[in-house]
Amino acid sequence: MTTPGPEVAALRAALRAARRSLARDLPWIGCRDPWSVLVAEVMLQQTSTGRVIRRWGPFLEHFPTPATCAAATQSEVVAQWVGLGFNRRAQSLHRAARAIEDHHGGRVPSTLDALVALPGLGPYSARAVASFAFGRAVGVVDTNAGRVLARAVANARLMPAEAQALADRLVAGVASAPVNQSLLDLGAQFCRPRPHCEECPVRTACRWRREGGSDPARGSAGVTQAQPPFAGSSREMRGAVVRALRDGPQSRRALRARVGTLDGRFETALAALEHDGLVEVWRGQIRLRA
Ligand code: SF4
């Protein structure tokens, strides 16, 4: 087992002590069903937690197992993705379900190498599934976790490999899921871009708070800029087109009349959806690709 180092050990102890006060009431927390965890992680990649809360349960009612998702058409999966945006993830999830059926006997694989090889699962999502569903001793570094590690442990900007190494040390030799979850909970609620240090339950273990200096989270690994607003964006238009096509194939003219043009973004959105293989022209009409 790797020796955690005093700063890592202090944060780990503080996270474990504050676990209950940090815990968020999210329906997938504590879930150990690998498929359900995998679906949640893919949804959370680019969608706010609030919207994922509304769509996670209904999606799993339609596709409770990899087999049910693999047996569906792509258009059926995309139709159930509505409200989440970035529909290419639905396409990838569908491919992942088919890969699980074809190569893993219908069971979500438990090793990090096999998870990261699935369509649509990047290193973060694969690690999250490995830890939360299978208890693997791997650290999970997203934007929130990266911020906490840079501030509380390093008090320095971190390169991606450095942040990952610290996260892995944080969970070495202990049950990884609760520690990883508390790290994410801390970053989501207290160690925000503008941190709430006075109320933070791990403040006595925080190196940046103790030593001071400029904010080390700025420019650190995994700490991304906020997404541009959804309203008025191309993403909004693509979502509107997919929503309209859930009702069945439509002529280009009817579809344009239904969703509006939004300063010419209709044509751009349609071209992007066609390019991504999400919609197709069929007998002169536009439909979700089967
Ligand atoms: S004390 Fe402040 S900077 Fe340190 S972990 Fe808590 S919120 Fe983040």
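Rules and cut-offs
Residues numbered from 1 in each chain as written. Predicted model: local features only at pLDDT ≥ 70, side-chain atom pairs only at ≥ 80, totals over all residues. Helix = DSSP H or I, 4+ residues; strand = E, 2+ residues; numbered from the N terminus. Expected span 1.5 Å × (residues − 1). Buried ≥ 20, exposed ≤ 12 C-beta atoms within 10 Å, placed from the backbone. Contact = placed C-beta atoms within 7 Å. Bend = angle between axes of the 7 residues up to and from the residue. Domains from an automatic or database assignment. Nonpolar A, V, L, I, M, F, W, Y, C, P; charged D, E, K, R; others polar. Pairing = 2+ DSSP bridges. Core = buried A, V, L, I, M, F, W, Y, C linked by C-beta atoms within 7 Å. pLDDT = per-residue confidence, 0-100.

S.K.: How would you sum up helix α12 (residues 176-189)? Please name residues and give values.
M.R.: With 14 residues, α12 should cover 20 Å at 1.5 Å per step; its first-to-last C-alpha distance of 20 Å lies within 8% of that length. Among the residues of α12, S176, A177, V179, N180, Q181, S182, L183, L184, D185, L186 and G187 are the ones counted as buried. Residues of α12 that are buried sit in contact with α1 (6-17), α2 (19-22), α9 (123-132), α10 (143-154) and α11 (160-171).

S.K.: Explain helix α4 (residues 49-62) to me, using residue names and the numbers behind them.
M.R.: Under the 1.5 Å per step criterion, the end-to-end length of α4 is 20 Å for 14 residues, consistent within 8% with the ideal 20 Å. The largest bend along α4 reaches roughly 30 degrees and is located at R55, with the proline P58 sitting one to four residues downstream. V52, W56, F59 and L60 are the residues of α4 that are buried. Where α4 is buried, its residues meet α3 (34-44) and α6 (74-80).

S.K.: Just give me the short version of the domain arrangement of the protein chain, but keep the residues and values in it.
M.R.: Taken as a whole, the protein chain is organised into domain 1 (6-24 + 138-211), domain 2 (34-132) and domain 3 (234-288). Distance from the C-alpha centre of domain 2 to the C-alpha centre of domain 3: 24 Å. With eight residues of domain 2 in contact, the opposing surface of domain 3 contributes ten residues. Among the elements of the structure, α6 and α7 (88-103) are those that each provide at least two residues to the side of domain 2 that touches domain 3. At three residues, α6 tops the list of elements feeding residues into the side of domain 2 that touches domain 3. Across the side of domain 2 that touches domain 3, the residue classes break down as three nonpolar, four polar and one charged.

S.K.: An account of the pairing of strand β2 (residues 285-288) is needed here, citing residue identities and associated values.
M.R.: Where burial is concerned, the two faces of β2 differ: the one with I286 and L288 is buried and the one with Q285 and R287 is not. Where strand β1 (residues 279-282) lies against β2, four bridges are found, and the strand directions are antiparallel. By the bridge assignment, V279 is partnered in β2 with L288. Once β1 ends, the chain turns through two residues before running back antiparallel as β2, passing R283 with a positive phi of about 50 degrees.

S.K.: Lay out the nonpolar core with the relevant residues and their values.
M.R.: Counting 81 residues, the largest nonpolar core has L11, V39, V129, L149, A152, V202 and V241 as its most contacted members. Per-element tally for this core: the top contributor is α3, with eight residues. Setting aside residues up to four positions removed in sequence, V241 forms contacts with L255, V259, A269, L270 and L273.

S.K.: A description of the confidence of the model for the protein chain should follow, citing residues and the corresponding values.
M.R.: Do not read the fine detail of predicted coordinates wherever pLDDT is low. Per-residue confidence for the protein chain gives a mean pLDDT of 90, with 93% of residues at or over 70. Averaged pLDDT values for the elements of the protein chain fall to 81 in helix α14 (residues 234-245) and rise to 98 in helix α5 (residues 66-71).

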